[in-house]
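# What the coordinates show
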Amino acid sequence: MSLFDQFKTEIKGQKIRLVFPEGTDERVLTAAVELAQEDLVNPIILGEKEAIVALSKKLQLSLNQVEIVDIKTVSADQRVKMIKALVERRKGKTDERTAEKWLQDENYFGTMLVQMGAAEGMVSGAVHPTGDTVRPALQLIKTAPGSRRISGAFIMQKGDQRFVFADCAINIDIDAETMAQIAIQSAHTAKIFGIKPKVAMLSFSTKGSAKGAQVEKVQEATKIAKELAPELAEQIDGDLQFDAAVVEKVANAKAPDSAVAGQANVFVFPSLESGNIGYKIAQRLGGFEAIGPILQGLAKPVSDLSRGASKDDVVKVAIITAAQALAQR
Ligand SMILES: CC(C)(COP(=O)(O)OP(=O)(O)OC[C@H]1O[C@@H](n2cnc3c(N)ncnc32)[C@H](O)[C@@H]1OP(=O)(O)O)[C@@H](O)C(=O)NCCC(=O)NCCS
Ligand SMILES: CC(=O)OP(=O)(O)O
């Protein structure tokens, strides 16, 4: 059974309520209806009701099994309740006026539904850029215990090849400590996706072949990751160049003593530039399917999509989000 079929079996019939803030997007609406019809998810779709009904007619979709919430017409009672909960959650950082303004935005509204337990997860980002999609989650849902930073990983898949790439989505300029945390989070994500992790801490240097602050950061990150997760110490190595990480012959020449080089399946990039560019090259030129970004380290499941996502990508990310939500029940 493929991993996705396994996730589908787990979530089927579990009535997991996921909120889709971008209900007037064709890909999102089609995906949500499909997920509902297969009994994989109970979708809550945000958007103007008339626009969603018109779109469903155009696409010949039945809305019988989805809940539509127009955030402009929620009752005064519910609005007051949500403002109060948001202000409380922000612990003095956000006043009522700002809370009211934030809740006019579908991503903040959807995130609050998750935070308040009215939904178990959220899938957004097919229309909104990543910053606008994840900022509400960073501010309102926050990190899970044990995580200091949230990061974004992609599962890269082609045939029976499956890799984890991170951070490709969130942390723009990382220090060694953050890179170490991303390595540990990514090893955990790999296990969820049936990958026995071998984590390469990527650089333009292999085992000190180049010098400089960027190389030292990756070396330091490798050391910290091994200290923070001693159970993974043998499965994390760096600094490694990408060729040394994946090609056995190159690994034998550049890093003969490494237990990871030549066999890596989890790639931790030293910056968002390299991570985001790297996954898109593998996707667009390498023919890999990119599933994600899967947000790692959040207290409740919220998933961002690439704006280049297809309807099938939305379905897949929603299935993963539902599986994460189910694991939290
Ligand atoms: C994620 C991102 C939007 C956060 O930026 P920001 O809103 O300017 O962040 P701020 O520093 O103002 O922080 C806002 C809140 O989020 C928290 N936060 C920011 N980054 C975080 C992270 N990686 N993990 C956990 N919390 C984080 C901050 O602590 C802060 O919390 P507070 O309001 O309770 O104090 C920003 O890092 C970003 O744009 N990243 C790149 C996204 C992107 O375009 N990716 C490429 C395409 S996928
Ligand atoms: C993850 C990512 O790169 O998202 P987008 O393509 O929406 O910027």
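Just above sits the structure.
Anyway, here's the lowdown on the structure attached to this text.

Definitions and cut-offs
Residues numbered from 1 in each chain as written. Chains lettered and ligands numbered in written order. Predicted model: local features only at pLDDT ≥ 70, side-chain atom pairs only at ≥ 80, totals over all residues. Heavy atoms only, no water. Helix = DSSP H or I, 4+ residues; strand = E, 2+ residues; numbered from the N terminus. Rg over C-alpha atoms; globule rule 2.2 N^0.38 Å. Buried < 20%, exposed > 50% of the residue type's maximum accessible area, 1.4 Å probe, protein only. Contact = heavy atoms within 4.5 Å. Areas by Shrake-Rupley, 256 points an atom, 1.4 Å probe, with all protein chains shown as cover. Axes fitted to C-alpha atoms, helices over the stretch in contact; angles between N-to-C directions. Parallel < 35°, antiparallel > 145°, perpendicular 65-115°, else oblique. Left-handed = near helix turned anticlockwise from the far one by under 90°. Near = heavy atom within 4 Å. Polar contact = N/O pair within 3.5 Å; in protein donor to acceptor, adjacent residues only side chain to side chain.

Glancing now at the overall build of the protein. When you go through the protein residue by residue, the secondary structure sums to 13 helices and 11 strands. Compactness check: the protein gives a C-alpha radius of gyration of 21 Å against a globular reference of 20 Å for 329 residues, within 12% of the reference. Referenced to the eigenvectors of the C-alpha coordinate spread, the extents of the protein come out at roughly 65 × 45 × 30 Å. Taking all 329 residues of the protein together, 54% fall into the buried category. In the protein, once contacts between residues fewer than 6 apart in sequence are set aside, the share between residues at least 24 apart is 71%. As presented, the protein carries roughly 15100 Å² of accessible surface, and 50% of it is formed by carbon and sulfur atoms.

What follows covers the packing of helix α2 (residues 26-37) against helix α13 (residues 311-328). Orientation of α2 relative to α13, taken along the N-to-C sense of each, is 50°, at an axis distance of 8 Å. Here α2 is positioned oblique relative to α13, judged by the angle of their axes. Judged by the twist between their axes, the crossing of α2 over α13 is right-handed. For the pair formed by α2 and α13, the contact residues are Arg27, Val28, Thr30, Ala31, Glu34 and Leu35 on the first element and Lys311, Val314, Val315, Ala318 and Ile319 on the second.

As a matter of local geometry, ligand 1 sits amid 17 residues, with Lys93, Arg135, Ile150, Ala169 and Asn171 nearest to it. Within the contact set of ligand 1, a nitrogen atom lies 3.4 Å away from a side-chain nitrogen or oxygen of Arg149. Between ligand 1 and Asn171, the relevant distance is 2.8 Å, taken from a nitrogen atom to a side-chain nitrogen or oxygen of the residue. For ligand 1, whose free accessible area comes to 940 Å², the fraction covered by protein is 64%.

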